[in-house]
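# Descriptive analysis of the structure
Okay, here's what each chain looks like letter by letter:
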Amino acid sequence: MKRALVTGGSGGIGAAICRRLAADGHHVIVHANRSIGKAEAVVAEIIAAGGSAEAVSFDVTERAAAATAIEELLAAGPIQILVNNAGIHADAVFPGMSGEQWDSVLDVSLNGFFNVTQPLTLPMIRTRWGRIITISSVAGITGNRGQVNYSAAKGALHAASKSLALEVASRGITVNAVAPGVIATEMSEGAFDAETIKKIVPMQRAGKAEEVADLVAFLASEKSAYISGQVISINGGMI
Ligand code: NDP
């Protein structure tokens, strides 16, 4: 049984990833920031289904707090699967974008990637096996109006994943990004109505969190050992 940390496991896509990794037999550490109750509910669901899980909470933008929490988790054993899924958006057309909107999105997605992934990398290298999967977005590939901050953060995660993949490739660790399109969760609920989705998604529907989770689970498995440094889209044919 491998131990997997899923940041933002309290959110829509993160919870689905947690359930799926648990179903694959991993011990899942369901991470939350503010919604620890939601993470605990996911843990209870996994345990009720016969799986193994625990909840943890910390703010990924707080470097010291993240390092302390990760040290405590590592004391119980190695973490060999990391899913960087925590993310926020704070949309505005660029001329009206505030510094706070820019900073907050970069802080959670990009600095959060560093704050969580960096302290886990050397311990993962020591085990000679690892999977680092980061949830980005179609906006990080194509750009998106009103999301200069969000697409900058997600695009940077693609570049970071490619560089890290090169550094750890010889140690049995793969590093990939998964770039979803429109996925039905609380985050996307206010952003797109059904008509807009029909226009922008060739498959004319939003994706399901479970569909993203299936892709992540494959990338977390033994079977994906030769896939690294890739950005893999899951978007109903949008691009
Ligand atoms: P949700 O809003 O449902 O979940 C976001 C998660 O991120 C929550 O668990 C939240 O924790 C966590 N989080 C936010 N800020 C912080 C922070 N400072 N520290 C730690 N955790 C934090 O979003 P989704 O499930 O929809 O999205 C998950 C990922 O998928 C994101 O990275 C998003 O950008 C990406 N994505 C989503 C798409 C969609 O259509 N839904 C499309 C493309 C990409 P808590 O609630 O506990 O505070």
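Computed from a prediction, not measured in an experiment: that's the story for all the values here. (Residues numbered from 1 in each chain as written. Predicted model: local features only at pLDDT ≥ 70, side-chain atom pairs only at ≥ 80, totals over all residues. Heavy atoms only, no water.)

## Section: the pattern of salt bridges
All told, the structure shown has seven salt bridges when counted by the stated rule. As a salt-bridge pair, Glu 222 and Lys 2 come within 3.6 Å of each other at their nearest N and O atoms. Of the two residues, Glu 222 is situated in the loop between α9 (209–219) and β7 (231–234) and Lys 2 in the segment before β1 (3–6); the sequence distance between them amounts to 220 residues. Of the charged contacts, one joins Asp 214 and Arg 20 as a salt bridge, the two residues approaching to 2.7 Å between their closest N and O atoms. Note that Asp 214 is positioned in helix α9 and Arg 20 in helix α1 (residues 12–23), a separation of 194 residues in sequence. A relative accessible area of 27% means that Arg 20 is categorised as partly exposed. One network of salt bridges, with partners in common, ties together Arg 20, Asp 24 and Asp 214. (Salt bridge = Lys/Arg side-chain N within 4 Å of Asp/Glu carboxyl O. Helix = DSSP H or I, 4+ residues; strand = E, 2+ residues; numbered from the N terminus. Buried < 20%, exposed > 50% of the residue type's maximum accessible area, 1.4 Å probe, protein only.)

## Thoughts on the environment of Ala 16
Relative to the helices and strands, Ala 16 resides in helix α1. Placed 202 residues apart in sequence, Ala 16 and Phe 218 show a C-alpha to C-alpha distance of 14 Å. Apart from residues lying up to four places away in sequence, Ala 16 is in contact with Ala 209, Glu 210 and Ala 213. (Contact = heavy atoms within 4.5 Å.)

## As for the packing of α1 against helix α2 (residues 36–48)
Running from amino to carboxyl end, α1 crosses α2 at an angle of 25 degrees, the nearest separation of the two axes being 10 Å. Classified by the angle between their axes, α1 and α2 sit roughly parallel to one another. Handedness of the α1/α2 crossing: right-handed. In contact with Ala 15, Cys 18, Arg 19 and Ala 22 of α1, α2 contributes Val 42, Glu 45 and Ile 46. By residue class, the composition of the contact of α1 with α2 is five nonpolar, no polar and two charged. (Axes fitted to C-alpha atoms, helices over the stretch in contact; angles between N-to-C directions. Parallel < 35°, antiparallel > 145°, perpendicular 65-115°, else oblique. Left-handed = near helix turned anticlockwise from the far one by under 90°. Nonpolar A, V, L, I, M, F, W, Y, C, P; charged D, E, K, R; others polar.)

What is shown is where atoms sit, not what they do.
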